[in-house]
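Take a look at the letters that make up each chain.
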Amino acid sequence: MANLLKRMHLAGLCLCAAFSLEAQVMMTQDGRPMARIVLASSEETNREAAELLQDFVGRISGAELPIIETKKLKANDIVVGEPTDRAGEDGFRLLTEEGRLHIQTGGDKGALYGVVDLLEQELGVSCFTADYFRFEKCPSLTIPKLDRAETPAFRYRQTQSYSASDPIYKAWYRLEEPNEEFISNLWVHTFDRILPSARFGKAHPEYYSFINGERRPGNHSQWCLTNPEVFEAAVHQLDSIFAANPDLKMISISQNDGNNTQCACEECRKVDEYEGSPSGNLVRFLNKLAEHYPDKEFSTLAYLYSMQPPKHVKPLPNVNIMLCDIDCKREVPLTDNESGRYFMQALEGWSRISNNIYVWDYGINFDNMVAPFPNFHIIQKNIQLFKEHHATMHFSQIGGVRGGDFMELRAYLVSKLMWDPYQDMDSLVNHFLEGYYGEAAPYLRQYMDIQEGALLASHQPLWIYDSPISHKDGLLCPQLLKRYNELFDKAEQAVASDKDRLDHVRLSRLPLLYSELEIARTRTDNDWEAIRQKLELFHERTAQFGVKTLNERNNPPAEYYTLYKERFLPQAEQSKALGAKVEWILPPAKTYQPIADKALTDGLYGGTTYVESWVGWEGKDAAFILDLGEEKTFSTLSTDFLHQLGAWILLPKSVTYSISSDKQTFRPFGSFAFEEDRDVKVKFVKGTATSPSPVKARYIKVEIETLGLCPSWHYGVGYPAWFFLDEVEVR
Ligand SMILES: [Zn+2]
């Protein structure tokens, strides 16, 4: 563990209570060791805890405490890892007694977290990221009289941070990973890993969902849970999984990702109707497994179509319900808007029939990770709600990527609150801001507070698939963008001489910069030179700070930079379709009709989120005529499509162009057939046709053939596929 403290920050005066009258245990004096770290047993966690304590005491005081195993205790000994019944799993008790300090464990990692608590509370060490700790150096360390015990509010605590691969950070934030709890990392969306459709689908299509008139085996299809052979096949697979993994007892048997893909065969539907929710079939199936393997614990998802609890069947104690609030909006706590209340109804229902609930909550913008996501005012209230409704396990999904909105603060807060949701939130926020940003903290606090107020005042929901563009008249309106930039300018000035903190401020400024770029591409009246400079700065800073992705689909900033120059900055040659009138033959889905007349020929290109600029068709063909206003000469026709599998947006089959001078007789111009693309990255794909020599025409007919239903490899198996079109180009 010695090489793990990369950067240590020392500041201020030595304030530690070297000669306190209350001192019970003297750890070091004038840089010399006074205490011994005594292992209560040779368990690995105790050794890890002892080494962490030794390491930090060394850094703070310069003294190296020995780590020993002995039964003969002396004064000032620090005994690590005795069991206590005053704390539960992962909990600890810190107790001074007869001149000794006892760091006792309630089980599992208790001793390690006891050491972390001692370092934080008594020795003043703060950990902000894996390579940014702060504490004051002090050669003489004493511990006052202590007797406190803590047990975490949730037995399992999971979040995301780029720092979490560092073992000290992970211990400090008291985090767990699925592979430490779930057999073979089978923790979510496991149906297709347990009975792969690729292996069983051909011989046994009846194992899989009946959707829209037929069995549709596929990796996003589900199981036919009322088929007894599916239970037998699952047991057969589980026997060998359990035999190969004797150390863990928990496993997830859960639906594949995708909505409304549950089996709709007659038997399954009957149960769904009786139970009032597709979760009925899942709980019945899981209960059978839980009875068959009473010493194992089975987790299943209550997610999308299965979120609401069943009316009759109750999960057995060794069935865990992983409940996800993915569809909720985030501008207010879950109790305070409609989508939240629908989730609360599910949470209340499940909490009436289960004490074994795992809540998966979302504090992330999947499509625009490096964008403001001002939900700090709801985090604590929501975690309290989970705790009060029998959640014992919690995953706070926050993305955790470099450049994510206040990612470091976010990880700190959710980790603290998963341990104890009733701490003073303001103190936690201020402690982090002051340590991590130093003199810049007040400006960043103002920035956060203004965003919170502006979001609430705008009455615009905060969504996990938002685009900054959705907020361009609200929390990201021009006046506020200006104000935010002034605050960041002041913040940067305040820490200009502290390189680390200047970097922290600049890293946290990226979401603002990204928002400005995104909003600029929806306007035509920009100062393009200023936008070009912002783009260069964004490019430079994302590279400097190692920002790897801008969204859940792993689109990197370097790609954004190139795309922005080619797609969004004004181009030398303009399309001859600019401003052309559109006449509909097969119009788009209703939601998109209000923007459709202008969006295809306004010269503004859609971005990676389908919520702006894009015009969509759901499972249907498209056809329209473009009126250029007069005869024009051109040789290339092109249409621009969005590829975003996660949002059920697939490319169409083909696009066909024909042209006319009188709108009566059309002659073929050309066509383009799209290839199937299973890549999860977001892409813009053009369907281009070129004539060998220039042609003359006023009217262009565009006909697009849909894929129809989503294919079996896709989340939307058996349901209509969307395609989204933006600009039509004539060159
Ligand atoms: Zn079925």
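Counting from 1, residues in each chain are numbered in the order their sequence is written. Where local features are concerned, this predicted model is filtered to residues with pLDDT of at least 70; where side-chain atom pairs are given and counted, the filter is 80 or more; whole-chain, interface and lining totals use all residues.

**Some details on the overall build of the chain**
Under the DSSP-based scheme used, a helix requires at least four consecutive residues in state H or I and a strand at least two consecutive residues in state E, with every element numbered from the N terminus. Summing up its helical and strand segments, the chain has 19 helices and 27 strands in all. Expected size for 731 residues packed as a compact globule is a radius of gyration near 27 Å; at 30 Å, the chain falls within 12% of this value. The buried share of the chain, reckoned over its 731 residues, is 46%. Contacts in the chain between residues far apart in sequence, at least 24 positions, make up 72% of those at least 6 positions apart. All radius of gyration figures rest on C-alpha atoms, and the globule criterion is 2.2 Å times the number of residues raised to 0.38. Working definition of burial: number of other C-beta atoms within 10 Å of the residue's own, with buried at 20 or more, exposed at 12 or fewer, and partly exposed in between, all C-beta atoms being placed from the backbone. Contact between two residues is assigned when their C-beta atoms, built from the backbone, lie within 7 Å.

**Observations regarding the packing of helix α13 (residues 425-437) against helix α14 (residues 441-458)**
Where helices are involved, their axes are fitted lines through C-alpha atoms of the stretch in contact, as for all axes, and angles between N-to-C directions lie from 0 to 180°. Running from amino to carboxyl end, α13 crosses α14 at an angle of 135°, the nearest separation of the two axes being 9 Å. Relative to α14, the element α13 is oriented oblique. The handedness of the crossing between α13 and α14 is right-handed. Residue-level contacts link L433, E434 and Y437 of α13 to A441, L444 and R445 of α14. Under the grouping applied here, Gly and all other residues not named as nonpolar or charged are polar, the nonpolar ones being Ala, Val, Leu, Ile, Met, Phe, Trp, Tyr, Cys and Pro and the charged ones Asp, Glu, Lys and Arg. Considered class by class, the residues forming the contact of α13 with α14 number four nonpolar, no polar and two charged. For classification purposes, an angle smaller than 35 degrees is called roughly parallel, one larger than 145 roughly antiparallel, one from 65 to 115 roughly perpendicular, and anything else oblique. Note: crossing handedness is left-handed where the near helix turns anticlockwise from the far helix by less than a right angle, and right-handed where it turns clockwise.

**Regarding the sheet that holds strand β2 (residues 23-29)**
Any two strands with at least two DSSP bridges between them are considered paired. One open sheet accounts for three strands, arranged β3-β2-β11; its pairing is antiparallel. One side of each edge strand has no neighbouring strand; the edge strands of this open sheet are β3 (32-33) and β11 (141-144). Two strands pair when backbone bridges link them, and β2 and β3 are joined in this way by two bridges, in the antiparallel orientation. Bridged to Q29 within β3 is R32.

**Here's the deal with the confidence of the model for the chain**
The predicted model of the chain averages 95 in pLDDT, with 97% of residues at 70 or higher. Scored between 0 and 100, pLDDT is the confidence that the predictor attaches to each residue. Confidence drops under a pLDDT of 50 for residues 1-15, and excluding neighbours within four residues, the segment shows 26 contacts in the predicted structure.

**Quick word on helix α16 (residues 499-520)**
In this model α16 runs 30 Å from its N-terminal to its C-terminal C-alpha over 22 residues, within 8% of the 32 Å that 1.5 Å per residue would give. We define the bend at each residue as the angle formed by axes fitted to the 7 residues ending at it and the 7 residues starting at it. Its axis deflected by about 35° at L510, α16 carries its strongest bend there, up to four residues before the proline P511. α16 sits mainly inside the fold: 16 of its 22 residues count as buried. One less than the residue count of a helix, multiplied by 1.5 Å, gives the span that helix is expected to have.

**Here's the deal with the environment of V271**
Looking at the secondary structure, you find V271 in helix α8 (residues 266-275). With residues near it in sequence (within four places) discarded, V271 still touches T226, G280, N281 and R284.

**Focus: helix α17 (residues 528-544)**
With 17 residues, α17 extends 24 Å from end C-alpha to end C-alpha; this agrees with the ideal 24 Å at 1.5 Å per step. Residues of α17 that are buried: L535, F538 and T542. Around the axis of α17, the buried residues are gathered within 60° of arc, so they sit on the same side. Within α17, the exposed residues directed more than 90 degrees away from the buried face are E529, A530, Q533, E536, E540 and Q544. Looking at the buried positions of α17, the neighbouring elements they touch are α16 and α18 (557-568). Following α17 by one or two positions, G546 has its phi on the positive side, about 70°. Each C-beta atom gives one direction from the helix axis, and the arc is the one those directions make.

**Some thoughts on the sheet that holds strand β18 (residues 319-324)**
On the basis of which strands lie adjacent, the open sheet formed by six strands has the order β13-β20-β19-β18-β17-β16 and parallel pairing. Whereas interior strands pair on both sides, the edge strands pair on one side only; in this sheet they are β13 (156-159) and β16 (250-252). Pairwise comparison of adjacent strand axes, ignoring direction, gives a mean angle of 20° for this sheet. The pairing of β16 with strand β17 (residues 297-302) spans three bridges and is classified as parallel.

**Some points on the domain arrangement of the chain**
These domain limits were set by an automatic method or by a database of domain assignments. When cut into domains, the chain gives domain 1 (2-151), domain 2 (182-317), domain 3 (442-568) and domain 4 (581-730). A separation of 31 Å is found between the C-alpha centroids of domain 3 and domain 4. Classifying every residue of the side of domain 3 that touches domain 4 by side-chain character gives three nonpolar, six polar and five charged.

**Quick notes on the environment of F210**
Mapped onto the elements, F210 comes out in strand β14 (residues 210-211). Spatially, the C-alpha atom of F210 lies 5.4 Å from that of C265, the residues being 55 residues apart in sequence. Apart from residues lying up to four places away in sequence, F210 is in contact with R215, C224, C263, A264 and C265.

**Notes on unusual backbone geometry**
One non-glycine residue, D90, lies in the positive phi region at around 70°. In this structure, R174 takes a positive phi of about 55° despite not being glycine.

**Examining the pairing of strand β20 (residues 391-397)**
Of all seven residues that make up β20, five are buried, and the element is covered over most of its length. Note that β13 and β20 share four bridges and pair parallel. If you follow Y156 over to β20, its bridge partner there is M393. Strand direction decides the pairing type here: strand β19 (residues 357-362) and β20, joined by six bridges, are parallel. Residue pairing for β20: I357 is matched across the bridge by A391. Place the viewer so that the strands point away; then a crossover is right-handed whenever the path from the first strand over the helix to the second strand goes clockwise. The β-α-β motif built from β19, the intervening helix α11 (residues 376-388) and the parallel element β20 has right-handed crossover chirality.

**Considering the pairing of strand β7 (residues 92-97)**
Two elements, β7 and strand β12 (residues 147-150), share four bridges in a ladder whose sense is antiparallel. Residue pairing for β12: F92 is matched across the bridge by E150. Taken together, the six bridges between β7 and strand β8 (residues 100-105) define a ladder with antiparallel strand orientation. If you follow L95 over to β8, its bridge partner there is H102. If you look at the hairpin formed by β7 and β8, you'll find two residues sitting between the two strands, and E98 has a positive phi there, around 50°.

**Looking at the nonpolar core**
Grouped together as the largest cluster of nonpolar side chains are 201 residues, with contacts concentrated most on I103, V115, L323 and F723. The contacts of V115, once residues within four sequence positions are left out, are A49, L52, L53 and I103. Here a nonpolar core is just a set of buried residues of the types Ala, Val, Leu, Ile, Met, Phe, Trp, Tyr and Cys, joined wherever their C-beta atoms sit within 7 Å.

**Description of the packing of helix α15 (residues 478-494) against α16**
Two numbers describe how α15 lies on α16: the axes approach to 10 Å, and their chain directions differ by 165°. Relative to α16, the element α15 is oriented roughly antiparallel. Crossing of α15 over α16 shows left-handed handedness. Mapping the contact onto sequence places L481, Y484, F488, A491 and E492 in α15 and L502, V505, R506, R509, L512 and E516 in α16. Each residue belonging to the contact of α15 with α16 can be placed in one class, and the counts come to seven nonpolar, no polar and four charged.

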